[in-house]
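Structure at a glance
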Amino acid sequence: MEKSQYTQEEFLRLIIKLVVEELSKWERSVPIGISNRHIHLSRAEMDVLFGVGSELTPIKDLQPGQYAAKETVTIQGPKGELKRVRVLGPLRKESQVEISIGDSFVLGVHPPVRESGKLEGTPGIKVIGPKGEVELERGVIAALRHIHLDLVTAERMGVHDGQFVQVKIEGQRGAILDNALLRVSDKFAPEMHIDVEEANALGVKNSDRAYIILD
Ligand SMILES: [Zn+2]
């Protein structure tokens, strides 16, 4: 029998080192959640589109307290329209439409890549519901890739709200992504949100892992 180049102790140390490396990599990873085009509505717009005092019907839980609703709308730009755009709840202070860059070509509306809620200078769009339609003056964005973290996980990782990090995606179409915004809150659960086009380019599906790179 060939003699190993390692002593038993060296071999054990090597295994432990590899396990520790894998664990620390895993500790800084989050599941991926892929966002399809969707809309957040204010009370005023909900009233117009679905009727005064109407309520959303939750069908799928997202982040804690957030959900996909049964309700959908049509969004219509100067070049075209997209039907069955999912409404996400609960209602917000201001309506916001999140689309992909591909969608923007279909609609003829050209949104900036933005963090949710930062709507200054964003284009508007027409929204059509079963009970009425409304012309939003602003609120269309292509969502900035971001990572939701709860306070405990952020503390353990040594990161903070508003920080930008790099993220590694593994696999055949894997890549290192820049400019992933960390959003830390006790209302969040760990999850990286990217849109369908980013997901397709990276060859990932829901629940695949994204590895945060901290140096
Ligand atoms: Zn998100």
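Here the structure is a predicted model, which means the values were calculated and not measured. (Residues numbered from 1 in each chain as written. Predicted model: local features only at pLDDT ≥ 70, side-chain atom pairs only at ≥ 80, totals over all residues. Heavy atoms only, no water.)

Let us look at the overall build of the chain. Within the chain, the secondary structure is distributed over five helices and 15 strands. Taken over 215 residues, the chain has a buried fraction of 40%. A total accessible area of about 12500 Å² is found for the chain, and carbon and sulfur atoms account for 53% of it. Across the chain, the 28 positively charged side chains and the 32 negatively charged ones have centroids separated by 3 Å. (Helix = DSSP H or I, 4+ residues; strand = E, 2+ residues; numbered from the N terminus. Buried < 20%, exposed > 50% of the residue type's maximum accessible area, 1.4 Å probe, protein only. Areas by Shrake-Rupley, 256 points an atom, 1.4 Å probe, with all protein chains shown as cover. Lys, Arg positive; Asp, Glu negative; His and termini not counted. Charge placed at Lys NZ, Arg CZ, Asp CG, Glu CD.)

Before going further, it helps to examine unusual backbone geometry. In this structure, the amide linkage connecting Gly89 to the following residue, Pro90, adopts the cis form with an omega of 0 degrees. The phi dihedral of Arg84 is positive, around 50 degrees, even though this residue is not glycine. Among the structural elements, Arg84 can be located in strand β5 (residues 81-92). Positioned with a positive phi, Ser207 is a non-glycine residue whose angle comes to about 80 degrees. If you trace the backbone, Ser207 turns up in the loop between α5 (196-202) and β15 (209-213).

A word on the pattern of salt bridges. The final tally for this structure, using the stated rule, is 14 salt bridges. For the salt bridge of Glu170 with Lys25, the shortest nitrogen-to-oxygen distance reads 2.8 Å. Here the residue Glu170 occupies a position in the loop between β12 (164-169) and β13 (175-184), and Lys25 occupies one in helix α1 (residues 8-27), the gap between them amounting to 145 residues. By relative accessible area, which is 38% here, Glu170 ends up partly exposed. Judged by relative accessible area, which is 27%, Lys25 ranks as partly exposed. (Salt bridge = Lys/Arg side-chain N within 4 Å of Asp/Glu carboxyl O.)

Only His146 (NE2), His148 (NE2) and His193 (ND1) from the protein reach the zinc ion as donors, at distances of 2.0 Å. Spacing between the donor residues of the zinc ion along the chain follows H-x1-H-x44-H. Take His146 and His148: they sit in the same class, and that class is buried. (Donors = N, O, S within 2.8 Å, 3.2 Å for Na, K, Ca; no water.)

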